[in-house]
Structure formats: structure tokens, C-alpha cells
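Chain and residue survey
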Amino acid sequence: MPDEPRAAAPAVDPPAAPGAERSAGLAAVERYFAGRGFAPFPFQRAVWEAYAAGRSGLIHAPTGMGKTYAAAMGPLAYGPRGAADAPPPLSLLWITPLRALAADSALALTRAAGAIQPYWTVSLRTGDTPAALRARQDRRLPTALVTTPESLSLLLSRADWRERFAHVEAVVVDEWHELLSSKRGVQVELALARLRGLRPALRTWGLSATLANLDQAAACLVGPAHAADAAIVKGIDTKTIVIDTAHPPTIERFPWAGHIGTRLLPQVIAAIENAKTTLVFTNVRSAAEIWYQALMEARPDWAGLIALHHGSLERGVREWVENAIRDRKLRAVVCTSSLDLGVDFAPVDQVLQIGSPKGVARLLQRAGRSGHRPGEISRVTVLPTNALELVEAAAAREAAAERRIEPRVPTEGSLDVLVQHLVTCALGGGFVPAALLAELRDTHAYRGLTDFQWQWALDFVVHGGASLNAYPEYRRVVIDDDGVARVHDRRIAQRHRRAIGTIVADASVNVQFRNGARLGHVEESFVAHLRPGDAFVFAGRTLELIRMREMTAWVKPATKKSRIITRWMGAKMPLSTLLAERTRKLIGDAAGGEYASPELDLVRPLLELQRAWSALPSTREWLIERITTRDGHHLFFYPMEGRLANLGLATLFAYRLGQIRPGTFTITMNDYGFGLLSPTPIEFSLRDLGLLLAEEHVERDLLAGLNAAELGRRQFREIARVAGLIEQGFPGQGRSNRQLQASSGLIYDVFAEYDPENLLLAQAVREVLDRHLEAPRLVAALRRLRGSAARLTAPARPTPFAFPLMVEIFREALTSEALDVRIARMVAELESAAAAGPESR
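Attention here is on the structure that accompanies the text.

What counts as what
- Residue numbers restart at each chain and count upward from 1, following the sequence in its written direction.
- For a predicted model such as this one, the threshold for reporting local features is a pLDDT of at least 70, and the threshold for listing and counting side-chain atom pairs is 80 or more; totals across whole chains, interfaces and linings nevertheless cover every residue.
- Where side-chain values are given, they derive from all heavy atoms of the structure, hydrogens and water being excluded.
- Only DSSP runs of H or I reaching four residues or more are called helices, and only runs of E reaching two or more are called strands; each is numbered from the N terminus.
- Here the globule rule reads 2.2 Å times residues to the power 0.38, and the radius of gyration is calculated from C-alpha atoms.
- Remark: exposure states derive from per-residue accessible area (1.4 Å probe, protein chains only) relative to the maximum for the residue type, with buried under 20%, exposed over 50%, and partly exposed in between.
- The contact criterion used is simple: two residues touch if any of their non-hydrogen atoms lie within 4.5 Å.
- Per-residue and other accessible areas follow the Shrake-Rupley method at a 1.4 Å probe size, with only the shown protein chains counted as cover for residues.
- In this tally, Lys and Arg are treated as positive and Asp and Glu as negative; His is ignored, and so are the chain termini.
- For this purpose, a charge sits on NZ of Lys, CZ of Arg, CG of Asp or CD of Glu.
- When DSSP finds two or more bridges between two strands, those strands count as paired.
- Between the N-to-C directions of two axes lies an angle of 0 to 180 degrees, each axis being a line fitted to C-alpha atoms and, for a helix, fitted only over the stretch in contact.
- Multiplying 1.5 Å by the residue count of a helix minus one yields the expected span of that helix.
- For this analysis, a polar contact is any N or O atom pair within 3.5 Å, provided that within protein one partner can donate a hydrogen and the other can accept it, and provided that sequence-adjacent residues contribute only side-chain to side-chain pairs.
- Salt bridges are defined as contacts in which a side-chain nitrogen from Lys or Arg sits within 4 Å of a carboxyl oxygen from Asp or Glu.
- An angle below 35 degrees is read as roughly parallel, one above 145 as roughly antiparallel, one from 65 to 115 as roughly perpendicular, and any other as oblique.
- Take the far helix as your reference; a near helix turned counterclockwise from it by less than a right angle gives a left-handed crossing, and one turned clockwise gives a right-handed crossing.
- Only Asp, Glu, Lys and Arg are considered charged, only Ala, Val, Leu, Ile, Met, Phe, Trp, Tyr, Cys and Pro nonpolar, and every remaining residue, Gly among them, polar.
- The term disulfide is used for any two cysteine sulfur atoms that are within 2.5 Å.
- What the arc covers is the set of directions going from the helix axis to the C-beta atoms.

1. Focus: the overall build of the protein chain
When you go through the protein chain residue by residue, the secondary structure sums to 32 helices and 25 strands. Expected size for 841 residues packed as a compact globule is a radius of gyration near 28 Å; at 28 Å, the protein chain falls within 12% of this value. With the principal axes as the frame, the protein chain shows a C-alpha extent of 90 × 65 × 60 Å. Counting all 841 residues of the protein chain, 57% fall into the buried class. In the protein chain, once contacts between residues fewer than 6 apart in sequence are set aside, the share between residues at least 24 apart is 75%. Only carbon and sulfur atoms are counted for the fraction: they give 53% of the accessible area of the protein chain, which is about 33,900 Å². The centroid of the 100 positive side-chain charges in the protein chain is displaced by 4 Å from the centroid of its 91 negative side-chain charges.

Here you go:
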């Protein structure tokens, strides 16, 4: 068996630096800290010592407590010295999940290297890197390179990557928790395994501020073979984070999603006025657009002092906003998760969270954007968008006080990512199959890769699998006579490099003025519903659509206002498992008469009315309501497991009820429960719960209750793009959703008919279950519900818990104006009944 292809450069580590050089490096680090008025924290010194001992590991510390310096100073202190006319070769790789974070990290490394390693060069390589800089890097990489997972994979697809990375001593993965539970995390694991194969003594360090499963996260980072020796260094855990909640002027007893809307705008304005710089976080881009418009209309004198930031805006706009925050030119920025991560915005002294954060870790991450310095206080205020979010805010604060945060579950065994990686390795000088298999099994993601799966993936890239072998473009890899797998076709190489990565979103349409100025991009599915002349809100402006041509929406400033706000798919976040658990506990406490927080006191009228008309479940109960209205016959179930798990439960229950007694149901759900609506009475009793909650055949029944074939087909589009089966178009010539769906749909049909055992089909089904219905969480919920007592009530009218579920049904059938009228009438009727007292039940 031939050896793995190797570079001419040595793949062994150079001798350790002499003690004097090590001491000099550490002394330079001490001087750097002293010059900035700081002394290193003990956890930072612990990381440097572990690094000097050749160890890898994970650094876990609150935001703003010095993780970047903890990770950077070891490589700087103990790295190669170089000379003025001969900077050291690439020695440090710094991987970040966001381009904005990459720029910030490069700036911090440049400053530190200038004082500690004056002959080092530091550079940035992402998808935004100018062509001229990229060309210079192609000639010679810097000593420290800050990059993203996608750009690193592109570098590894070069035939000379082994020469280029032959002297790398350390890799730092920033915000590892953000990558860990996604296919991007798998992409990083695969890249690290490549580098470990070239540099066996490579030191790898991850940074995270909000992570519960530290051992597992470290194992994913360093690989199973090195997990036992990985150092887990915890930083100072005493950072003060103040979490409070804004109180709406009134609390409706019949809440519905978003019913408070922007009524808290005066409180937001007052908070901004009382602070120097404020970040106003929303959970979705459309809400950011709404709140930015509301602020500008209320305070036109703030024009130029407040800004909008989200991932769909043009890069130049985002960079201007980020620099303006650093330079203290802005009073406030309305933003989304685009500013969640560790970008250093020292001037920010306050964070506002619009709506429930839906997760404890997310709230802490955002809180950490303020007081982003050791010793400073981080502050976040939650502004609820409906009354029940007050309970979620209280639950999040309690969990944060107890230092409880959510784990990030690693993604494992994604065969589409594996197929992409095989082609990348074949481009990168080629691979020997047996050697690459061993390398793959040294990752957490593929430690359980079976011989069958491996052979299937290899056959898929070499022959196109059982059904595509007649098409040359799918025979991407050739195993040559020397046993090395390579890519020979230039067109295949170009197509693959254009498609490297695992970020898959809806097809994007550029939004552009007639003079050529670009504002950003929106999803094609949104623009498809607009006609020329329609006005809509995007990028903080009201725009009029002129025409749509070749994936570009040409616009001009609108002369009229519009209620059409740009929408994006997949917008709503579910309650995390931890926050759902803590929310159930607080509602259970209220059932026992305990209202131990200001938020619970505020929603007490709502909860007491719920108890009067139906029931409040205790911590060991769950509630079911049977209600008849003019719309039909409802069964409402309240597992309080988050919207995706509740959707899975609704699908499962509807299918299983249909097996008992045939019927047709309309399904609605939110984070608290789900409803089944039927035009005829639903025969149901607690005796039926045995079948509904049965643990046997859960996935089979879920798939039977879904339009599994269509959902699998849609999910397959993402898998086909990652696996390189469909062409995504040349830069600037993107393909529409219809084109992409048609291409992937054709391949899906070919597989389904001629290769039904294709493992990518099975992966599509698995991802529908896990990602869209949270199947593992659903199974755990069934187990919990079986161990809890069910309470079945029959209220005479919709309860405070049922009302928001009914509103979701109306949303599907009514215009926004008609919906407002219907809701107002129902609320008036229900409040009148509540005012009439107990006899109205």
C-alpha cells in the first residue's frame, strides 16, 4: 500500500526553543500586559503553561475576560522569532465563525504581535478578502493567518497545502460552541484532522464563553485519540451580569405572539438616552427592521446616531456600523445574532433584548457584548413581546444565576460533508484511501464511520454511486495506478472550489439601486410575492420595487410608507430544553401559589384566570383542554417543550388519533403547546394517552404523519448542495430556488427510483426528524409526559393558554387587518366573560 502523499518539507516539529528564548517570549508577554495596565489572570497563565508543555485544550470563560489573550500569547511567546528580512512561515492558524469576528481577531493579533513578535506578519483570509491581498497570500502566507472554516478548506484543496502548512504549530478555534453543533463544526474537525496528520504535535485550542458539555466539546476539537490529554481551562467565573425585565404598561390576560409589538418603544428610547452606547438585539431580521423604523420615526433627530445591523445587509454597511461602534459614533444599533459573538465593542455599556432570548446561553452571550472588559458589569434588559415571555425572562435569569446553560450537541456522521471532504482531499494533492480512513476516524464526527459507509462514500465520488455512474461530472475522483485518489478534471475542480462549505440558505436576491449601489440581499421567496410598484421595508429604508431581473431586485426610494417588512424563512427560535424546563417549573410554582419574582407577579392575573377557567399544571402534571368554538372542535395539549418539539408531538398525536378514529386535523403550535382542530367532535379520553405516548415506532409514526417524501425532497436540496451534486452557479450568477429545487429534485427522484438505498436519502430523512422536529427531544418529552399526571379539562371558552394557539390558526386564513379585527373582538368577549366572575366559566 503506498504512503499518503507528502510534501517535500519536513512534517516533524522543529526542536523546542531554548530556555532563554522561551523566557524572553514570556517576558515580552508580561511587558505587553503591563503596558496596557493589566496583569495576567491565573487561568491565562495556566493556558500558557499547558501550551508550553505541548498540550491542546479548551478555554471556557465569560465574555470579555481575556480568552483571546489566553489563546494567543502561548503561540506568540513560544513561536519562531524570525528576522526583519525573513518573517517566520505560517505558524498560527486562527479560525473564526464570522467574518466580522475575523477582522477583530486579526486586529488584536496584529497589536500583540507588534509588541511580542515584531517580525511576525498577520493577515486575514475570508470570502471578503480583496483579490490583491489574496494574490500576495498565494505567494507567501503570513506567520499568523485569521480565517474561516470555508477559507481554510479552500486552502486545503490546493495541491501545495502540505508545503504551505508544514510549519504550523498551533490552531485556535474561536467561538467553538457556535460551530460545534453544525456541519461547519464537522468541516473544522475534518480540517484539523488533516493538519494533525501533517503535524502530529500540532496544538489546538478552542475558545468558548457559553457551553455546558465541556468534555465533549474538547473531544470534538482535538479528536478522540487526544481527548484524554486535553486541558480544560476555566476562566474567572465571577463576572457580574445584571439581567432585568422591562414591564409593559398593561398585561393582557389573553396574550398572543407579538401582541405587545413596539408598545415598549418609550422605554427603549429612555434606556438609550440614559446610556452611552446600546445594542438592541432582536431574534430575527424582520424584527430588527421593524424596531429600527420605529426608533427613527419616534426620534428623527437620531438620524446618523442609530444604525441597523444584520447578516443580509451589504458587507460595507455592516463594517461601517462595526467601526462606528468602536469609535463611539453611535448611540444605538438594532441588530441580530450578527453581533452575538466575540467582536470587541468596548464602548457598549447596555444591551436590550427584544423578546424572549429563547435560550440561557444566547442571553448571556448577548449580555456579554456590554461591559466587555474584565471587572466591568454586563447589563441586559429583556423586553417581552407577549405576556408569557415575562415568565421566560424570569426563568432565564434564574438559570443564569445558577450558572446553568445549554449544552451544544455535536453533529455526527454527515455523509454529505464527508463526500465534499473526499473531493477536497483529492484536489489537495490526492489521498490514499486507507490512510484517509484512519484520519477520518480520528475525528469525533466520524469515529464510528463503518467500513460500509466509507466504501459507499468512496464509491460515490469515484463512480457516482449506483445511479449516476453514467454521467462524467459525477465521477469526480480517480484512483490512479499508484493508489492515490486525485481529481484530474479542471471543470470539476473549479466547480468544487466554488461550492466548498456547508452554509446553505434560501436563494438570495441582491437588492440594488438604479445607480448601482447595493443594499444587501433578501430571499427569493419574499421577493416572489412582490410586484413592480410595491413598497417594502429593507435595510432601514422604505423601497419601491422597479423590476426583478437575473436574481437582482432593482429598487428606488419609496414615496409612500409600507407595512410590508422583509421576511426570512426559518425565523422563529424554539425555547431551549433548559429554558423550557425552567419555565415549566415557574408555572408549576404558580400552580402552588408561589409567585417569587416580579415577572410572575405581573402575569399573575393571566395565570390565575387560566387556573379559574381550566387549570395550571403543577411541576408533575401536564394539561389538556377540550374546547368547542364556532371554528370547530379543539384539543389543546400543553407539553411546554418548545415549538419544534411541540410540532413533532402534534404530528405524532394527530397520526395516532387518526389510527384510533379516522379524522382530519388542522395543527397549530407554539412554545407552550399545540392544538388539533377538527370540524367534527373529537372523541378523546385519557385512556387514549397510552397509545399517543407510546415509545414504540415513534419515528415511523412521525414520518407517516408527515408528508415525508416532500419534506425529505426539500431537505435533500441542502444535502445535494453540500455534497456537490448540483451546480450553484458562477459568482454573481446565482440560481433561483426553483432551479435549485428542480436540479436536486431530479437527482432525488433518480435515487429514489434506481438507488433507494442511497445513504444520502436516509440522511435527508434523519435531518428532517432531528432538525425540523427535534426528534431526540421529542422522545425525551414523551418519556417525561408518561411519568406525569395528565389533567383533562373542558373550558367553556378559550383560555389564556389556548388563545395564542387559536390566533396562529387565524393568521393562516386572514389578512393582517382582518386578523386585528378578529383578535380585538375575541379579546373583548373573553375579557367581558372574565369580568363576569366565576359563574361565567
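2. Notes on the sheet that holds strand 24 (residues 674-678)
Spatially, 23-24-22-21-25 is the arrangement adopted by the five strands of the open sheet, whose pairing is mixed. Each end of this open sheet is capped by a strand with a single partner; those strands are strand 23 (666-669) and strand 25 (789-793). With direction set aside, neighbouring strand axes in the sheet form an average angle of 15 degrees. Two elements, strand 23 and strand 24, share four bridges in a ladder whose sense is antiparallel. By the bridge assignment for strand 24, M669 is matched with F674.

3. Quick notes on helix 9 (residues 183-198)
Between its first and last C-alpha, helix 9 extends 23 Å over 16 residues, near the 22 Å set by a 1.5 Å rise per residue. Taken across its 16 residues, helix 9 has 15 buried, putting it largely inside the fold.

4. Notes on the side chain of Q44
Structurally, Q44 is set in helix 2 (residues 42-52). Its relative accessible area of 3% is what places Q44 among the buried residues. Among the polar contacts made by the side chain of Q44, one reaches the main-chain amide nitrogen of F41 at a distance of 2.8 Å. With sequence-adjacent residues up to four places away left out, Q44 is seen in contact with F33, M65, G66, Y69 and A70.

5. Quick notes on the sheet that holds strand 8 (residues 241-245)
Two pairing modes exist for strands in a sheet, parallel and antiparallel, and in both the strands are linked by backbone hydrogen bonds. A sheet is described by the order of its strands in space; here six strands give the open sequence 8-13-12-9-11-10, paired in parallel fashion. Of all the strands in the sheet, just strand 8 and strand 10 (306-309) have a single pairing partner and so form its edges. Between one strand axis and the next, the sheet turns by 20 degrees as a mean value, whatever way the strands run. Of the strands in this sheet, strand 9 (278-281), strand 11 (332-335), strand 12 (350-354) and strand 13 (378-383) are in contact with helix 11 (residues 265-273), which crosses strand 12 at around 165 degrees. Where helix 13 (residues 315-326) meets the sheet, it contacts strand 9, strand 10 and strand 11, and its direction lies at approximately 135 degrees from that of strand 10.

6. What to know about the pattern of salt bridges
Under the definition given, this model contains 51 salt bridges. Here R486 and D480 are joined by a salt bridge, their closest N and O atoms 2.8 Å apart. Close ionic contact of R786 with E695 constitutes a salt bridge, the shortest N to O distance being 3.7 Å. Here R786, found in helix 30 (residues 775-786), pairs with E695, found in the loop between helix 25 (689-692) and helix 26 (698-705); they are 91 residues apart in sequence, far enough to count as distant. By relative accessible area, R786 is classed as partly exposed at 36%. One connected set of salt bridges, linked through shared partners, spans R125, D138, R158, D160 and R164.

7. Considering the packing of helix 15 (residues 389-401) against helix 21 (residues 577-591)
The contact between helix 15 and helix 21 brings their axes to 9 Å, and the two run at 110 degrees. Of the possible angle classes, the one that applies to helix 15 and helix 21 is roughly perpendicular. Between helix 15 and helix 21 lies a crossing whose hand is right-handed. Together, V391, E392, A394, A395, A396, E398 and A399 of helix 15 and L578, L579, R582, T583, K585, L586 and I587 of helix 21 make up the contact between the two elements. A breakdown of the residues in the contact of helix 15 with helix 21 according to their chemical character gives nine nonpolar, one polar and four charged.

8. Some details on the pairing of strand 7 (residues 231-234)
Only one face of strand 7 is buried, namely the one carrying A231 and V233, since none of I232 and K234 on the opposite face is buried. Judged from the four bridges that link them, strand 1 (residues 57-60) and strand 7 form a sheet pairing that is parallel. Directly across from H60, in strand 7, lies its bridge partner K234.

9. Side note on the state of the cysteines
For the coordinates displayed, the defined rule picks out zero disulfides. A disulfide-free cysteine, C220 has its sulfur positioned 19 Å from the sulfur of C425, the nearest such atom. Taking the relative accessible area as the measure of exposure, C220 reaches 2% and is therefore buried.

10. Some remarks on helix 17 (residues 433-440)
Burial in helix 17 covers these residues: P433, L436, L437, E439 and L440. The buried residues of helix 17 all sit within an arc of 160 degrees when viewed along its axis, so they share a single face. Against helix 9, helix 16 (415-427), helix 18 (451-463) and strand 14 (478-479) lie the buried residues of helix 17.

11. Quick look at the environment of T277
By the secondary structure assignment, T277 is in the loop between helix 11 and strand 9. What makes T277 buried here is its relative accessible area of 3%. Between the alpha carbons of T277 and A833 there is a distance of 46 Å; along the sequence they are 556 residues apart. Residue contacts for T277: discarding those within four places in its chain leaves I325, L330, R331, P347, V348, D349 and Q350.

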